[in-house]
Amino acid sequence: MIETLPDVALAANSMAESVVLQAEDGASGPAIEQGAAAAIGIGLAAIGAGYAERGIGAAVVGALAEDSISAGIGILLTVLPETLVIFALVALFV
Amino acid sequence: MSSSASNPEYVNARVRSRRNALFSDEDYRKLIRMGPSEIARFMEEHEYEEEINRLGARFSGVDLIEYSLNRNLAKHFDDLLEWADGRVYDQIARYLRKFDVWNVKTIIRGIYTDTPSEEIGTDLIRAGELPDRTVDRLLEVETIEDVIEVLEGTLFYEPLDSAYEHYEETGALVPLENALDRAFYENLLGDLGRPTEGPEAMYVEFLQAEIDFRNARNALRLARSGADLDPAEFYIEGGVLFDRSELSRLVSDYDALVDHIADDPRYGDRLDAALARLREADSLIAFEHAVDAALLEYSDRLSSVYPVSVSAVFSYILAKEREVENIRAIARGREVGLSEEEIEEELVIL
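What counts and what doesn't
Residues numbered from 1 in each chain as written. Chains lettered and ligands numbered in written order. Predicted model: local features only at pLDDT ≥ 70, side-chain atom pairs only at ≥ 80, totals over all residues. Heavy atoms only, no water. UniProt positions renumbered as here; feature names shortened; annotations may be inferred. Helix = DSSP H or I, 4+ residues; strand = E, 2+ residues; numbered from the N terminus. Buried < 20%, exposed > 50% of the residue type's maximum accessible area, 1.4 Å probe, protein only. Areas by Shrake-Rupley, 256 points an atom, 1.4 Å probe, with all protein chains shown as cover. Contact = heavy atoms within 4.5 Å. Axes fitted to C-alpha atoms, helices over the stretch in contact; angles between N-to-C directions. Parallel < 35°, antiparallel > 145°, perpendicular 65-115°, else oblique. Left-handed = near helix turned anticlockwise from the far one by under 90°. Salt bridge = Lys/Arg side-chain N within 4 Å of Asp/Glu carboxyl O. Core = buried A, V, L, I, M, F, W, Y, C linked by side-chain atoms within 4.5 Å. Nonpolar A, V, L, I, M, F, W, Y, C, P; charged D, E, K, R; others polar. Arc of directions from axis to C-beta. Phe/Tyr/Trp six-rings, centres within 6.5 Å; stacked < 30°, edge-to-face > 60°.

- Chain B has the name A-type ATP synthase subunit C in an unreviewed UniProt entry, where Saliphagus infecundisoli is given as its organism.
- Under the Function (unreviewed entry) heading, UniProt states for chain B: "Component of the A-type ATP synthase that produces ATP from ADP in the presence of a proton gradient across the membrane."

- Going by the annotation in an unreviewed UniProt entry, the name recorded for chain A is V-ATPase proteolipid subunit C-like domain-containing protein, with Saliphagus infecundisoli given as the source organism.
- You can read under Subcellular location (unreviewed entry) in the UniProt record for chain A the words "Membrane".

Written out as structure tokens, the structure reads:
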């Protein structure tokens, strides 16, 4: 369960580093453009959603194998964390 | 054994669904009023259809019920080991090895008494970690020495091997059986360490409880029977309730022993009612049932406190064992003509 966390942290870390590098290059203006910042936000949200779906997906497959829920409910539960990404998309339009 | 990632979510989902399929306390009340063939019928209509149908031609009455229960238990527990990977597998296997111990003991006893291997085979509960292939080979061999040989590479090999000399000297099976039990219990807590919080700590606490109650049971039996045995020989390391010298001292004094259990901060409160009964009546069985019920209730609570951990699996394992024992008690009780109240006394109902 925890094995994937370091990977996520690593990805976030390298992203932050590249942001800092860019900040040193550009003498004026914001470190990153608004669009790029939104992209980073959406990307992080997607990583989070993916991680959440991993656990839920495994549980849903288990429950489906035991016939204790319907496939529709299973799919619904699995994609619930996807709403995180949708909220993150809001950042693109403001 | 498996090195892949652990998958508690998947195991949890399956286990919880199976937990719901177990008989409820309502069902037990119905079963108490039935005869053996009706019980078999009831089981066939529920979870045990496959086993009853397969064994129905060969056995009848209480034997049919008993063998179906064992088969079904083995099927479900084997499934657990099949689903689980990584850490979860290790945690489940530690506990399920107790069925390996049971099987090896049964086989050794069978060889000792010259029982035909088909008869031994029906008494086995193939729920442990040893693969079916190994168990089949164990059934084929003819001497106890060969049994030990087949077990080479498992954790039972070395203790059995060193106990074998002792067995040859005395001709009694006790050293071999003690060696098996010891190997199991020592491995139970083996390299887990002592985590202090979270589900890991609960898991260790659960296994410690298992050891403590085994020690307590042995001590109570010794104290009661007054047998002249060295209690230290039966002492199992790893519990928190007694240490070796305490146990030796307490075995000679029954009341002090009960007081010691009641004073323990971890168990005293949970076993209050059972200990009171243990003091006034001489019902060791009632105490053991109370211990089982307390453990089950505790593991149930843990499985809601730590939803994605091994707790739910243990709550299922305990509940399933309890179901099998309850149905067996009902069937046996009906067979010898106990009254409904007497059978109800024998059941572990929450």
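Read on for the rest.
**Let's talk about the overall build of chain B**
Piece 1. Each helix and strand in chain B was counted, giving 18 helices and zero strands.
Piece 2. Out of the 350 residues belonging to chain B, those deemed buried represent 53%.
Piece 3. Total accessible area computed for chain B in this model is approximately 16500 Å², and 45% of it derives from carbon and sulfur atoms.

**With respect to the overall build of chain A**
Piece 1. The helix and strand tally for chain A stands at four helices and zero strands.
Piece 2. In sequence order, chain A lays out its α and β elements as α-α-α-α.
Piece 3. For chain A, with 94 residues in total, the buried portion stands at 17%.
Piece 4. In chain A, the share of contacts with a sequence separation of at least 24, taken over all contacts with a separation of at least 6, comes to 66%.
Piece 5. Total accessible area on chain A stands at roughly 6100 Å², and carbon and sulfur atoms take up 73% of it.

**Examining the packing of helix H2 (residues 25-32) of chain B against helix H17 (residues 311-335) of chain B**
All names here are of chain B.
Piece 1. The N-to-C vectors of H2 and H17 enclose an angle of 15 degrees; their axes lie 10 Å apart at closest approach. Accordingly, the angle class assigned to the pair H2 and H17 is roughly parallel. Here H2 and H17 pass one another in a crossing that is right-handed. Note on element contacts: H17 touches H2 through Arg-322, Glu-323, Asn-326, Ile-327, Ile-330 and Arg-334, opposite Asp-25, Tyr-28, Leu-31 and Ile-32.

**Focus on the pattern of salt bridges**
Pairs can form between side chains of opposite charge once their charged atoms are near each other.
Residues and elements named next belong to chain B.
Piece 1. The final tally for this structure, using the stated rule, is 24 salt bridges over all chains.
Piece 2. The partner of Arg-33 in a salt bridge is Glu-340, and the shortest N-O contact between them spans 3.9 Å. You can see Arg-33 sitting in the loop between H2 and helix H3 (36-45) and its partner Glu-340 sitting in helix H18 (residues 340-346), a full 307 residues away along the chain.
Piece 3. A salt bridge links Asp-181 to Lys-105; the shortest N-O distance between them is 3.1 Å. On the criterion of sequence distance, the pair formed by Asp-181 in helix H11 (residues 174-189) and Lys-105 in helix H6 (residues 86-112) is long-range, its members being 76 residues apart.
Piece 4. The class for Lys-105 is buried, based on a relative accessible area of 14%.

**Some thoughts on the nonpolar core**
Piece 1. If you look at the biggest cluster of nonpolar residues, it comprises 118 residues, and the most contacted ones within it are Ile-92 and Ile-327 of chain B.
Piece 2. For Ile-92 of chain B, the residues in contact, after removing those within four places along its chain, are Leu-80, Leu-81, Ala-84, Val-310, Val-313 and Ile-317 of chain B.
Piece 3. Counting five residues, the second largest nonpolar core, distinct from the first, contains Ile-42, Ala-45, Val-85 and Ala-88 of chain A.

**Focus on the interface of chain B and chain A**
Piece 1. Each partner contributes residues to the interface: chain B has nine residues there, and chain A has 11 residues.
Piece 2. Taken together, the links from chain B to chain A amount to three salt bridges.
Piece 3. Glu-9 of chain B serves as the salt-bridge partner of Arg-54 of chain A, at 3.5 Å between the closest nitrogen and oxygen.
Piece 4. Looking at the side of chain B that touches chain A element by element, the count peaks at six residues for helix H1 (residues 8-20) of chain B.
Piece 5. When the residues that make up the side of chain B that touches chain A are grouped by side-chain class, the tally is four nonpolar, two polar and three charged.

**Thoughts on helix H14 (residues 254-263) of chain B**
Piece 1. For H14 of chain B, every residue scored as buried is listed here: Tyr-254, Leu-257, Val-258, His-260 and Ile-261 of chain B. Here the buried residues of H14 of chain B occupy an arc of 155 degrees about the axis, which is enough to place them on one side.

**Details of the packing of aromatic side chains**
Residue and element names in this part refer to chain B.
Piece 1. Under the criterion given, the structure shown has 10 aromatic pairs over all chains.
Piece 2. Geometrically, the ring pair formed by Phe-23 and Tyr-48 is tilted, given 6.0 Å between the ring centres and 50 degrees between the ring planes. In this pair, Phe-23 is assigned in the loop between H1 and H2 and Tyr-48 in the loop between H3 and helix H4 (49-55), connecting sequence segments 25 residues apart. Neither Phe-23 nor Tyr-48 differs from the other in exposure class; each is buried.
Piece 3. Ring geometry for Phe-59 against Tyr-67: centres 4.5 Å apart, planes inclined by 45 degrees, an arrangement best described as tilted. You'll find Phe-59 and Tyr-67 in the same group, each marked buried.

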